[in-house]
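Structure at a glance
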Amino acid sequence: MRKLIDLQTNESGRIAAINGDSRFVSRITSIGLTPGCKVTVVKNDKRRPLLVYSRDTMIALNRNECDWIEVKETV
C-alpha cells in the first residue's frame, strides 16, 4: 500500500484508508474521496498542491494531507 502523495502523474489507485483527525476525515469524505473510490493523479509537481481526478471532479489537495491518504495501485 502506498500514500497518495507517492503516486506519480497519470498513475491511478483506489483509496484504501483515510487517516488523521475527525475534522480531516470529514472534510475529505465530504468532497467525495472515500475508501474504495478510484483516483487518478493529474499533476504531482514538487511544492505544489496535488491535483487528482475522481468521480468526474478535479480536486486540488494539500501535499501534507495527501500523506494521510493510503491507496492501493490499480492496473
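Presented here is a report on the structure given in the accompanying data block. (Residues numbered from 1 in each chain as written. Predicted model: local features only at pLDDT ≥ 70, side-chain atom pairs only at ≥ 80, totals over all residues. Heavy atoms only, no water.)

**Comments concerning the pairing of strand S4 (residues 50-54)**
Side chains Leu 50, Val 52 and Ser 54 of S4 all project onto a buried face; the interleaved residues Leu 51 and Tyr 53 project onto a face where none is buried. With three bridges connecting them, strand S3 (residues 38-43) and S4 associate as antiparallel partners. Following the sheet pairing, Val 41 is matched in S4 by Val 52. Counted between consecutive antiparallel strands, the loop separating S3 from S4 contains six residues, among which Arg 47 sits at a positive phi close to 65°. The sheet contact formed by S4 and strand S5 (residues 57-61) spans five bridges and is antiparallel. For Leu 50, the partnering residue across the bridge sits in S5 and is Leu 61. In textbook terms, the turn of a hairpin is the stretch between consecutive antiparallel strands, and for S4 and S5 this stretch comprises two residues, one of which, Arg 55, has a positive phi near 50°. (Buried < 20%, exposed > 50% of the residue type's maximum accessible area, 1.4 Å probe, protein only. Helix = DSSP H or I, 4+ residues; strand = E, 2+ residues; numbered from the N terminus. Pairing = 2+ DSSP bridges.)

**Observations concerning the environment of Val 71**
Here Val 71 lies in strand S6 (residues 69-73). Classification of Val 71 by relative accessible area gives buried; the value is 1%. Placed 65 residues apart in sequence, Val 71 and Asp 6 show a C-alpha to C-alpha distance of 9.4 Å. The residues contacting Val 71, other than those within four sequence positions of it, are Met 1, Arg 2, Lys 3, Leu 4, Leu 7, Arg 14, Ile 15, Ala 16 and Val 39. (Contact = heavy atoms within 4.5 Å.)

**A closer look at the nonpolar core**
In this structure, Leu 4, Ile 15, Ile 28, Leu 33, Val 39, Val 52 and Leu 61 are the most contacted members of the largest nonpolar core, which totals 18 residues. Elements represented by at least two residues in this core include exactly strand S2 (12-18), helix H1 (22-30), S3, S4, S5 and S6. Sequence-distant contacts of Ile 15, defined by excluding residues within four places in its chain, comprise Leu 33, Thr 34, Pro 35, Gly 36, Cys 37, Val 39, Ile 69, Glu 70 and Val 71. (Core = buried A, V, L, I, M, F, W, Y, C linked by side-chain atoms within 4.5 Å.)

**Regarding the pattern of salt bridges**
Tallying each qualifying case throughout the model produces four salt bridges. In this structure, Arg 27 and Glu 65 form a salt bridge, with 2.5 Å as the shortest nitrogen-oxygen distance. Of this pair, Arg 27 sits in helix H1 while Glu 65 is found in helix H2 (residues 63-66), placing the two residues 38 residues apart along the sequence. One salt-bridge network, in which partners are shared between bridges, spans Arg 2, Glu 11 and Glu 73. (Salt bridge = Lys/Arg side-chain N within 4 Å of Asp/Glu carboxyl O.)

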